[in-house]
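For reference, the chains in residue letters:
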Amino acid sequence: ASTLGAAAAQSGRYFGTAIAAGKLGDSAYTTIANREFNMVTAENEMKIDATEPNRGQFNFTNGDRVYNWAVQNGKRVRGHTLAWHNQQPGWMQSLSGSSLRQAMIDHINGVVGHYKGKIYAWDVVNEAFADGNSGGRRDSNLQRTGNDWIEVAFRTARAADPAAKLCYNDYNIDNWSWAKTQGVYNMVRDFKSRGVPIDCVGLQSHFNGNSPYNSNYRTTIQSFAALGVDVQITELDIQGGSATTYANVVNDCLAVSRCAGITVWGVRDTDSWLGSGASALLFDGNGNKKAAYTSVLNAL
Ligand code: XIL
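Notes on the structure follow. (Residues numbered from 1 in each chain as written. Predicted model: local features only at pLDDT ≥ 70, side-chain atom pairs only at ≥ 80, totals over all residues. Heavy atoms only, no water.)

**What about the site of the ligand?**
And then number 1: Close to the ligand lie 13 residues, the nearest being E43, K47, H80, E235 and W265.
And then number 2: K47 is positioned with one of its side-chain polar atoms (N or O) 2.7 Å from an oxygen atom of the ligand.
And then number 3: At a separation of 3.3 Å, an oxygen atom of the ligand approaches a polar side-chain atom of Q87.
And then number 4: Across the complex, the protein chains shield 77% of the 420 Å² of accessible surface that the ligand would expose by itself.
And then number 5: For the shell around the ligand, a count of residues per class yields three nonpolar, six polar and four charged. (Near = heavy atom within 4 Å. Polar contact = N/O pair within 3.5 Å; in protein donor to acceptor, adjacent residues only side chain to side chain. Areas by Shrake-Rupley, 256 points an atom, 1.4 Å probe, with all protein chains shown as cover. Nonpolar A, V, L, I, M, F, W, Y, C, P; charged D, E, K, R; others polar.)

Rendered as structure tokens:
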């Protein structure tokens, strides 16, 4: 195969990218994105602040731009993200307690309802665990509504769209030896044992000097998969762009049948949220394939 999407499809997997609505008029960008990828995540356009800027007033203009571009070009869409401490609109930041809990439920119903039957997988809850050695939850306004907020979010999303896979998504849960990874693992195990609806774990996999790729990544993927959930690599970027590390990530995913696919967090280095100096993606700022691209294509 000569593209990332077609190469991933050889093993029944997908290869995706984050897409920004504001770049859909850039033909250099859309040419690469359309050619190489068969899964799309809206980089910001389906987040809480974008979709519900005022309480009860939903805005799907930019989310639909990304969605329609993807589907018109034959791609599937991952939904990102429904419940998160970041990129909350001001009105939500100022809520607490039962009114915030109800606002979260209403938000999930509004957004999942709008896209009902159209989304491959939702990142239902994003980044709910703490960094460091606690293995526990992150303190946030959502967490302070009660520890059951995550399972309530998943049950709400399941009822709103029974066809979408429901994922828990986080960063720094790639290294099996880290407490945060174990905290999420224990939550997923608990959810599966109690019948809380969860179908997938999203490993963001933003690798850098402080949270580098570790060879136990395959153990992490295998361990989550053994709980009975899919694993999706949802936001891959590697600071410095090591071709070897990119190949390691692909090989680790391919080693686990329940690793469903890989999404990189942007098309060209100039599109990366880390800035082009990080050299973290597969195409340079001129749209040329980097060594990391060839390494990924050969590994798929
Ligand atoms: C980032 C986007 O790439 C930026 O454009 C935005 O300014 C901030 O959010 N984890 C996530 C993503 O789940 O939503 C984040 O995306 C990157 C980290």
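**Considerations on the nonpolar core**
And then number 1: Formed by 92 residues in total, the largest nonpolar core has its most connected members in F15, W122, V125, F154, F224 and L282.
And then number 2: L282 has contacts with L4, F15, Y246, V264, V267, N288, K289, K290, A292, Y293 and V296, leaving out every residue within four places of it along the chain. (Core = buried A, V, L, I, M, F, W, Y, C linked by side-chain atoms within 4.5 Å. Buried < 20%, exposed > 50% of the residue type's maximum accessible area, 1.4 Å probe, protein only. Contact = heavy atoms within 4.5 Å.)

**A few points about the environment of E151**
And then number 1: Checked against the element boundaries, E151 lands in helix α7 (residues 149–160).
And then number 2: Residues E151 and V196, 45 residues apart in the sequence, show an inter-C-alpha distance of 6.4 Å.
And then number 3: The contacts of E151, once residues within four sequence positions are left out, are F191, R194 and V196. (Helix = DSSP H or I, 4+ residues; strand = E, 2+ residues; numbered from the N terminus.)

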